[in-house]
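# Structural overview
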Amino acid sequence: MSDWPLWEVFVRGKRGLNHTHAGSLHAPDAQMALRNARDLYTRRGEGVSIWVVPAAAITASSPDERDSFFDPAGDKVYRHPTFYDVPEDVEYL
Amino acid sequence: MSPEAAVTTQVRPQALARYCLALGDDALILTQRLGEWMSRAPQIEEDMALGNIALDLLGQARALLTYAGEVEATYTGEPARSEDDLAFFRDEREFRCVHLVEQPRGDFAFSIARQLVFSTYQYALYSRLSRLATSPDPTLAGIAAKAVKEVDYHRDHAEQWTLRLGDGTQESHRRMQAGLDEVWPYVDELFTDTEDAAELASAGVVPLPSSLREECERRWTAVIEQATLQVPEPTRRSRGGREGIHSEHLGYVLAEMQHIPRSYPGSTW
């Protein structure tokens with residue numbers, strides 16, 4: 001059974017709005033992956049919803065592409081919303 | 001609620017104490033058997049699944065044995081025996097578990113077949129018990145209400161595996177059928193109307209064991225047929241566990257489970 005596929009697990013907590021990555025596990029199919037995820041990642045009451053995704057279905061950026069992907073964003077200060085004057089009487093900002 | 005208040009005059013506390021011991025012993029001994037799978041399951045994920053199920057059962061056993069000890073104290077006049085006293089310092093003949101839970105863990109398919117049978121039975125039992133919340137014994141109904149959600153998951157786990165092994169490869173199909181065939185002689189005993197259970201059932205405290213059978217069989221049959229397997233027709237049937245007559249295997253389970261507290265009484269860690 002060592003050829004069971006790998007699944008990535010995403011759990012949404014009680015007060016959380018998003019599913020966040022919790023870890024990965026092996027399971028023979030999606031339904032069993034959900035159950036294994038329940039046993040591995042929600043046994044201390046961490047979650048109210050689980051997603052499982054076959055790890056093979058995830059396309060990830062490559063470390064080799066890091067320079068071209070991410071470095072150019074480093075010096076574009078004008079992309080951050082820091083050039084506006086906020087009027088004093090605007091609340092909740 | 002104190003046991004004195006809970007136990008009505010209609011029911012002998014002896015019957016209630018023995019009934020709780022029986023249910024508690026079933027859960028306790030199966031906990032031991034499931035614990036044997038730790039580090040030996042097909043995958044680490046399955047180690048966790050079986051371990052979680054075992055711990056749920058241990059929790060049920062603790063509540064049931066504690067309550068049995070309290071009820072027992074109402075008629076013995078002795079201090080109540082604790083859950084540990086009952087788990088570690090009773091001998092084989094004083095255990096009231098069914099033979100099903102005593103059997104060695106076998107291969108994975110056998111263990112899944114046993115979980116299918118036992119968790120379906122427990123679900124039927126606990127869901128009926130929890131609906132008896134207005135019964136003369138709310139303690140038992142309360143224990144059942146908590147346990148029924150746990151057992152619902154245990155049943156699902158066993159059903160999912162039964163379907164996959166039965167409708168899987170030729171080898172997994174063969175093993176799953178062999179597991180069912182090995183387990184089925186122990187099914188009948190779960191539904192035996194013991195004197196204690198019958199007395200409690202007539203007072204409306206517990207469901208009659210035989211009345212749970214139809215619901216269980218319907219559920220098993222549906223899963224087993226969907227898994228392309230056959231419901232076995234056993235030629236022998238175990239009996240006697242509820243009266244303390246056990247298969248040869250229980251003694252070995254107890255030796256392992258009881259050895260430390262008996263060799264080092266009062267030790268803690």
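## Remarks on the pattern of salt bridges
All names here are of chain B. For the structure on display, the rule yields 23 salt bridges over all chains. In this structure, Glu199 and Arg12 form a salt bridge, with 2.7 Å as the shortest nitrogen-oxygen distance. Of this pair, Glu199 sits in helix H10 (residues 195-202) while Arg12 sits in the loop between helix H1 (3-6) and helix H2 (13-35), and the two are 187 residues apart along the sequence. By relative accessible area, which is 37% here, Arg12 ends up partly exposed. The partner of Lys146 in a salt bridge is Glu150, with the nearest N and O atoms 3.3 Å apart. On the criterion of helical spacing, the pair formed by Lys146 and Glu150 is a turn pair, its members being 4 residues apart in helix H7 (residues 138-166). On the basis of relative accessible area, Glu150 is assigned to the buried category, the value being 15%. One network of salt bridges, in which partners are shared, links Asp107, Glu171, Arg174 and Arg175.

## Describing the sheet that holds strand E2 (residues 20-26) of chain A
Residues and elements named next belong to chain A. Spatially, E2-E1-E3 is the arrangement adopted by the 3 strands of the open sheet, whose pairing is antiparallel. Two strands in the sheet have a free side with no partner beyond their single neighbour: E2 and strand E3 (49-54). Neighbour to neighbour, the strand axes of the sheet diverge by 30° on average, direction disregarded. In this sheet, E3 lies alongside strand E1 (residues 6-12) in antiparallel orientation, the contact comprising 6 bridges.

## Points about the packing of aromatic side chains
Counted by the stated rule, this structure contains 8 aromatic pairs over all chains. Taken together, a centroid distance of 5.6 Å and an interplanar angle of 65° make the contact between Phe69 of chain A and Phe70 of chain A edge-to-face. Judged by relative accessible area, Phe69 of chain A falls into the partly exposed class, the value being 47%. Ring centres 5.9 Å apart and planes at 45° place the aromatic pair Phe118 of chain B and Tyr121 of chain B in the tilted group. Residue Phe118 of chain B and its partner Tyr121 of chain B are located together in helix H6 (residues 108-130), separated by 3 residues, close to a single helical turn. Judged on exposure class, the residue Phe118 of chain B and its partner Tyr121 of chain B are both buried. Grouping aromatic residues by their ring pairs yields a cluster made of Phe118, Tyr121, Trp184, Phe191 and Trp220 of chain B.

## Brief notes about empty space enclosed by the protein
Residues and elements named next belong to chain B. For the structure shown, the criterion picks out 2 cavities of 30 Å³ or more. The computed volume of the second largest cavity comes to approximately 40 Å³. Forming the walls of the second largest cavity are Leu23, Asp26, Phe118, Tyr121, Gln122, Leu125 and Tyr126. When residues of the lining of the second largest cavity are assigned to their parent elements, the largest contribution, 5 residues, is made by H6. Considering only residue class, the lining of the second largest cavity consists of 5 nonpolar, 1 polar and 1 charged.

## Quick notes on the pairing of E1 of chain A
All names here are of chain A. Of all 7 residues in E1, 5 are buried; the element is thus mostly enclosed. For E1 and E2, the ladder comprises 6 bridges, and the chain directions are antiparallel. Residue pairing in the sheet places Phe10 in a bridge with His21 of E2.

## Some thoughts on helix H3 (residues 44-76) of chain B
The first and last C-alpha atoms of H3 of chain B sit 46 Å apart over 33 residues, in line with the 48 Å expected at 1.5 Å per residue. Gly77 of chain B occupies a position one or two residues after H3 of chain B and carries a positive phi of about 75°.

## Describing the nonpolar core
General note: in soluble globular proteins, nonpolar side chains tend to be found buried as a group. All names here are of chain B. In this structure, Tyr19, Ile29, Tyr126, Leu129 and Trp220 are the most contacted members of the largest nonpolar core, which totals 89 residues. It is H6 that provides the largest number of residues to this core, a total of 13 residues. Excluding residues within four positions of it along the chain, Ile29 makes contact with Phe95, Cys97, Val101, Glu102, Leu250, Val253, Leu254 and Met257.

## Some words on the interface of chain A and chain B
Each partner contributes to the interface: chain A provides 15 residues, whereas chain B provides 13 residues. Between chain A and chain B lies a buried interface of about 1500 Å² when both sides are counted; carbon and sulfur atoms form 58% of it. Between the two partners, chain A and chain B, sit 2 salt bridges. Our count for the chain A to chain B interface comes out at 7 residue pairs in polar contact (both at pLDDT 80 or more). For the side of chain A that touches chain B, the secondary structure elements donating two or more residues are E2 and helix H1 (30-41) of chain A. When residues in the side of chain A that touches chain B are grouped by element, the largest group, 7 residues, is from H1 of chain A. Broken down by class, the residue content of the side of chain A that touches chain B amounts to 6 nonpolar, 4 polar and 5 charged.

## A word on the packing of H7 of chain B against helix H11 (residues 213-226) of chain B
All names here are of chain B. Across the interface, H7 lies against H11 with an axial gap of 8 Å and an inter-helix angle of 30°. Considering their axes alone, H7 and H11 lie roughly parallel with respect to each other. Of the two elements, H7 crosses H11, and the hand of that crossing is right-handed. In this structure, H7 uses Arg155, Glu159, Thr162 and Leu163 to contact H11, whose residues at the interface are Arg219, Val223 and Gln226.

## So, a nonpolar patch on the surface
Residues Val77, Tyr78 and Phe83 of chain A make up a contiguous nonpolar surface patch of roughly 370 Å² in combined accessible area. Within the secondary structure, Val77 of chain A is located in the segment after helix H2 (66-70).

The rules behind each value
- Residues numbered from 1 in each chain as written.
- Chains lettered and ligands numbered in written order.
- Predicted model: local features only at pLDDT ≥ 70, side-chain atom pairs only at ≥ 80, totals over all residues.
- Heavy atoms only, no water.
- Salt bridge = Lys/Arg side-chain N within 4 Å of Asp/Glu carboxyl O.
- Helix = DSSP H or I, 4+ residues; strand = E, 2+ residues; numbered from the N terminus.
- Buried < 20%, exposed > 50% of the residue type's maximum accessible area, 1.4 Å probe, protein only.
- Pairing = 2+ DSSP bridges.
- Axes fitted to C-alpha atoms, helices over the stretch in contact; angles between N-to-C directions.
- Phe/Tyr/Trp six-rings, centres within 6.5 Å; stacked < 30°, edge-to-face > 60°.
- 1 Å grid on protein atoms, 1.4 Å probe; cavity = no way out; pocket = protein on both sides within 12 Å on 5 of 7 lines; lining within 4 Å.
- Points joined across faces, edges and corners; volume = space filled by probe spheres on them.
- Nonpolar A, V, L, I, M, F, W, Y, C, P; charged D, E, K, R; others polar.
- Expected span 1.5 Å × (residues − 1).
- Core = buried A, V, L, I, M, F, W, Y, C linked by side-chain atoms within 4.5 Å.
- Contact = heavy atoms within 4.5 Å.
- Buried area = accessible area lost by both parts, 1.4 Å probe.
- Polar contact = N/O pair within 3.5 Å; in protein donor to acceptor, adjacent residues only side chain to side chain.
- Parallel < 35°, antiparallel > 145°, perpendicular 65-115°, else oblique.
- Left-handed = near helix turned anticlockwise from the far one by under 90°.
- Patch = residues over 30% accessible without salt bridge, like charges linked within 9 Å, V, L, I, M, F, W, Y side chains within 5 Å.
- Areas by Shrake-Rupley, 256 points an atom, 1.4 Å probe, with all protein chains shown as cover.

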